[in-house]
Amino acid sequence: MKLKNILTIIVIILIFVVLGSVYWSKTNQIPKEDFEAPTKNWSSPKKVDDYFKEKLNFTEKDFERQRQDDTVDFRLYGESTLEAVISNLQYYGFIRNEKALLYALENTEDKTQGYDEALMVGKKGSIDIYASYRISENMTAWEIAETLLNKGTYFGKGDPYNYMFMP
């Protein structure tokens, strides 16, 4: 009879573990809408236009020219970290959720071989520093991930600008 009681207790514990695991995995999933493009209307602490005003002294005429193309260059330098890249993209309204972009980066194929000083993403991916990436607020987290992993334009360490965003 003792063996039967022990087996019953083990089965009950296993049921709780399984149910807890199912609940935990469902509560930690990233909502589908967090991968969608934020667009210009997305609320974020700052927008890239604010950056252009503060750093590049943009005028209304400059903004008119910029609005013809909704993309900007996102530029990475030696002090860049993966966490800072993701955080900056959320701060300036290019992504909705940091976890969504990290997931997209970790699950997008890196088709290029990064330079020596690349930021590592997961076990296989890398984002080049001293490179620029053409991004837009109309891109999904998946499109941003694809761009960061595969569509960088390397400019090297001698860049005189040192701006995070360029028109």
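This text follows the structure it describes.
Just so we're clear, the structure is a prediction, and the values are computed from it rather than from any experiment.

## As for the sheet that holds strand β4 (residues 131–136)
Next, step 1: The strand order across the open sheet built from 4 strands is β5-β4-β1-β6, with neighbouring strands paired in antiparallel fashion. One side of each edge strand has no neighbouring strand; the edge strands of this open sheet are β5 (153–154) and β6 (165–166).
Next, step 2: Summarising the sheet, β4 and β5 pair through 2 bridges and their orientation is antiparallel. Bridge pairing links Ala 131 to Tyr 154 in β5.
Next, step 3: Helix α6 (residues 141–150) contacts β1 (71–76) and β4 of the sheet and is inclined by roughly 165 degrees relative to β4.

## What to know about the layout of surface pockets
Next, step 1: Quantified by volume, the largest pocket comes out at close to 180 Å³.
Next, step 2: Around the largest pocket, the lining comprises 14 residues; the ones closest to its centre are Arg 75, Tyr 77, Glu 79, Asn 88 and Met 164.
Next, step 3: When contributions to the lining of the largest pocket are tallied by element, the ones reaching two or more residues are α2 (48–56), β1 and α4 (82–91).
Next, step 4: Among the residues forming the lining of the largest pocket, the class breakdown is 8 nonpolar, 3 polar and 3 charged.

## Examining unusual backbone geometry
Next, step 1: In this structure, Thr 39 takes a positive phi of about 65 degrees despite not being glycine.
Next, step 2: Within the fold, Thr 39 resides in the loop between α1 (2–27) and α2.
Next, step 3: At Asn 162, a position not held by glycine, the phi torsion is positive, near 60 degrees.

## What to know about the packing of aromatic side chains
Next, step 1: All told, the structure shown has 13 aromatic pairs when counted by the stated rule.
Next, step 2: When the ring of Phe 35 is compared with that of Trp 142, the centres are 5.5 Å apart and the planes differ by 15 degrees; the resulting orientation is stacked. In this pair, Phe 35 is assigned in the loop between α1 and α2 and Trp 142 in helix α6, connecting sequence segments 107 residues apart.
Next, step 3: The buried category is assigned to Phe 35, whose relative accessible area is 12%.
Next, step 4: We classify Trp 142 as partly exposed; its relative accessible area is 36%.
Next, step 5: Ring pairing ties together the aromatic residues Tyr 51, Phe 52, Phe 58, Phe 63, Phe 74, Tyr 91, Tyr 92, Phe 94 and Phe 165, which thus form one cluster.
Next, step 6: In this structure, Arg 75 is placed above the aromatic ring of Phe 155, and the distance from its NZ or CZ to the ring centre is 4.2 Å.

## Side note on the side chain of Lys 47
Next, step 1: Its place among the elements puts Lys 47 in the loop between α1 and α2.
Next, step 2: Apart from residues no more than four positions distant in its own chain, Lys 47 is found in contact with Thr 39, Lys 40, Trp 42, Tyr 92, Gly 93 and Glu 137.

Calculation criteria
- Residues numbered from 1 in each chain as written.
- Predicted model: local features only at pLDDT ≥ 70, side-chain atom pairs only at ≥ 80, totals over all residues.
- Heavy atoms only, no water.
- Pairing = 2+ DSSP bridges.
- Helix = DSSP H or I, 4+ residues; strand = E, 2+ residues; numbered from the N terminus.
- Contact = heavy atoms within 4.5 Å.
- Axes fitted to C-alpha atoms, helices over the stretch in contact; angles between N-to-C directions.
- 1 Å grid on protein atoms, 1.4 Å probe; cavity = no way out; pocket = protein on both sides within 12 Å on 5 of 7 lines; lining within 4 Å.
- Points joined across faces, edges and corners; volume = space filled by probe spheres on them.
- Nonpolar A, V, L, I, M, F, W, Y, C, P; charged D, E, K, R; others polar.
- Phe/Tyr/Trp six-rings, centres within 6.5 Å; stacked < 30°, edge-to-face > 60°.
- Buried < 20%, exposed > 50% of the residue type's maximum accessible area, 1.4 Å probe, protein only.
- Lys NZ or Arg CZ within 6 Å of the ring centre and 35° of its normal.

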